[in-house]
Amino acid sequence: MTDAVSRLEEAVRDRPGATRPPRRLPSAPVRSLDDPEDLARVHDAALFLRAFPRTPADLPASEELLSRVAARVATLAGSGADLSALDTFEAAGVGGTELTMNDGWGAARWLALRHPSEASLSWEGEPPDDRLAATLPRFLPFLSERALADNGVPFRAWLEAALPRGARDGGLRFLVEAFEGLPLDDAGRAELWDAMGLLVRWRPGRSSRTFARLPAGRPFVDAAPLVSRRDVSVARECERGDVAVRRLSRSEGETFLESARAAVRVRYRELFAFTAGNPAGAVVAELGRGLRLWCCGLLPASRLPLRAGYGFLLARNGVPLGYGDAYALGDRLDLSFNVFYAFRDGESAFAYARTAAFFHRFLGTRTLSVDPYQVGAHNEEAIASGAFWFYRKLGFRSSDGAAEALARREEARVLSRPGYRTQASTLRRLSAAPLLLDLPGGEAGRWDRFSLDALGLAIQRRMEASRLGPRRFQEACERRVARAAGLDRTRLPHRLSAALRGLAPVLDLLLARSSARAVEPRLLRDLVRAKGAASEAGYVKALRRPSPLRDLLASFRPRP
């Protein structure tokens, strides 16, 4: 059957343009396929075709083929066949399969409340007794009698005895509701949940990557060759200024976040910006060629102390294509960008450039930064895929002088030696520092050596020099910043009080390094109020404006 699968894959990627009609799709003998790897290949070919149709007929044909694959997988699963080949990072999430994962508190709560009939606790590889002994006695009367003194306690039996008759989720909802009753904030609940090490099993149904769809406009159908990386310019896409952005209603924002959380969870991932995503103020952008970007900020209680956070999901013709998060500091944006496995040869560079154009318009981003992890630091998958060269060919440069010189030498070797491939050891050296790209309208070089670690270490050294403990040091920072800003801490609403608490160590350090008149009280007030607002977009704008404070912030760079 492998030959038939190969013919389907070749036909799906046949893009002749105007020279001739696209090759007809060969029939795929799905009902007779027993090899899960072949089923995964047929599935991903059909999913690619659904996102990148060559003709209008490809849309219903791909949907019909996907349904047949899901039905065949369900048949094989019912017969007890080994489907482990569909449980890899590359293939997971096919309709009819299930996924078991150590979900964090946010994802576990979402599954328990939004997908109660599909999610359950999995007791395969039961957590060590000491993990459960420290937490379950809070919710199960008399369990402490054994948990505190004995080994080999049947924790699962105790939990299941407390469940309503007919419960089939292994206690997932019981525990989630019990956790929500604890006198803790979500950060405290997350610590306690993660410490238990529980696994959650999910059979996603319509949320599987086979069937998941987002709202889409008129289908974009094109038989021409896909846009290649050499035809993409990030600067050109930003300068076009044609990104149309629409704010979503709250219900639309909730629907988007439901789709976003599912899209990453069915691929064994969890993204903080989706788990803590704020449906209020979410937006959707039309990026062209059937591509839409859905974006949300963070809930006020989950925001970072300094940067403004966003999560985004990309969909083409309604099919989830990729995702990422973005953390803004003024006009600098730390952008992570991930294309799902099935679409990695499907206009990834174009999708990246249009994502950059969206943030250029939406937040006024003028400098993009790529974290070393994205290009290979402690990430062997990125090394194997040559992620560094993806960004390099889009115009990124290294923020480290030695790494930039090495990159230029490698580029010369590539040009002079046909077939040359950069060694993995060299790619690891190239991934040692962030990559940067200046967008149109920005000031080149301002953020070249900025380091959050350098800023954070300076705060720790300042705390040590103060001889105050963490709590008293935090209190002192808040007091000094509030006084400099002309704010009465006792009268601040909760959201602004939380914003001041997060910003205080940074602003206090910047105030100590500036002259007495360098930072206007009004700017400090604006930053605190904007950070605690319903949306962080105003905060990004306030920090983007030229000021001594912004220049001081950009000056924090690693020590030699």
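Worth saying up front: this structure is predicted, and the values here are computed from it rather than measured.

Trainee: Explain the pairing of strand S7 (residues 308–316) to me, using residue names and the numbers behind them.
Mentor: Of all the nine residues making up S7, nine are buried; the element is thus mostly covered by neighbouring parts of the structure. Direction of pairing for S7 relative to strand S8 (residues 319–329): antiparallel, over a ladder of nine bridges. The residue of S8 that forms the bridge with leucine 314 is glycine 322. The antiparallel hairpin formed by S7 and S8 contains two residues in its connecting segment, where asparagine 317 sits at a positive phi of about 50°.

Trainee: Which residues make up helix H9 (residues 186–196), and what values do they have?
Mentor: Looking only at H9, the buried set comprises Arg189, Leu192, Trp193 and Met196. With its buried residues spanning 100° around the axis, H9 presents them on a single face. On the buried face of H9, the contacting elements are helix H4 (105–114), helix H5 (129–133) and helix H8 (172–180). Glycine 197 occupies a position one or two residues after H9 and carries a positive phi of about 70°.

Trainee: Residues and numbers for the nonpolar core, please.
Mentor: Within the largest apolar cluster, 135 residues are counted, with the highest numbers of intra-cluster contacts made by Phe256, Phe343 and Tyr352. Those residues within four positions of phenylalanine 343 in sequence are excluded, and the remaining contacts are Leu47, Phe48, Ala51, Phe52, Val319, Pro320, Leu321 and Ser348. In terms of nonpolar packing, the next biggest core, distinct from the first, is built from 31 residues, Trp105, Leu175, Leu198 and Val200 among them.

Trainee: So, helix H19 (residues 452–466): which residues are in play, and what are the values?
Mentor: The end-to-end C-alpha distance of H19 is 21 Å, a good match for the 21 Å that 15 residues give at a rise of 1.5 Å each. Looking at the buried residues of H19, the elements they touch are helix H20 (470–485), helix H21 (494–513) and helix H24 (548–554). N-capping of H19 is provided by serine 451, with a side-chain oxygen placed 3.2 Å from the backbone N of aspartate 453. Just downstream of H19 lies arginine 467, where phi reads positive at about 60°.

Trainee: Provide a residue-level description of the side chain of serine 336, including the pertinent values.
Mentor: Residue position: serine 336 is located in strand S9 (residues 332–339). Look at serine 336 and you get buried, because its relative accessible area is 12%. Reaching out from serine 336, the side chain makes a polar contact with the side chain of aspartate 325 at a distance of 2.6 Å. If we skip the residues at most four places from it in the chain, serine 336 touches Phe312, Tyr323, Gly324, Asp325 and Gln374.

Criteria and thresholds
Residues numbered from 1 in each chain as written. Predicted model: local features only at pLDDT ≥ 70, side-chain atom pairs only at ≥ 80, totals over all residues. Heavy atoms only, no water. Buried < 20%, exposed > 50% of the residue type's maximum accessible area, 1.4 Å probe, protein only. Helix = DSSP H or I, 4+ residues; strand = E, 2+ residues; numbered from the N terminus. Pairing = 2+ DSSP bridges. Arc of directions from axis to C-beta. Contact = heavy atoms within 4.5 Å. Core = buried A, V, L, I, M, F, W, Y, C linked by side-chain atoms within 4.5 Å. Expected span 1.5 Å × (residues − 1). Polar contact = N/O pair within 3.5 Å; in protein donor to acceptor, adjacent residues only side chain to side chain.

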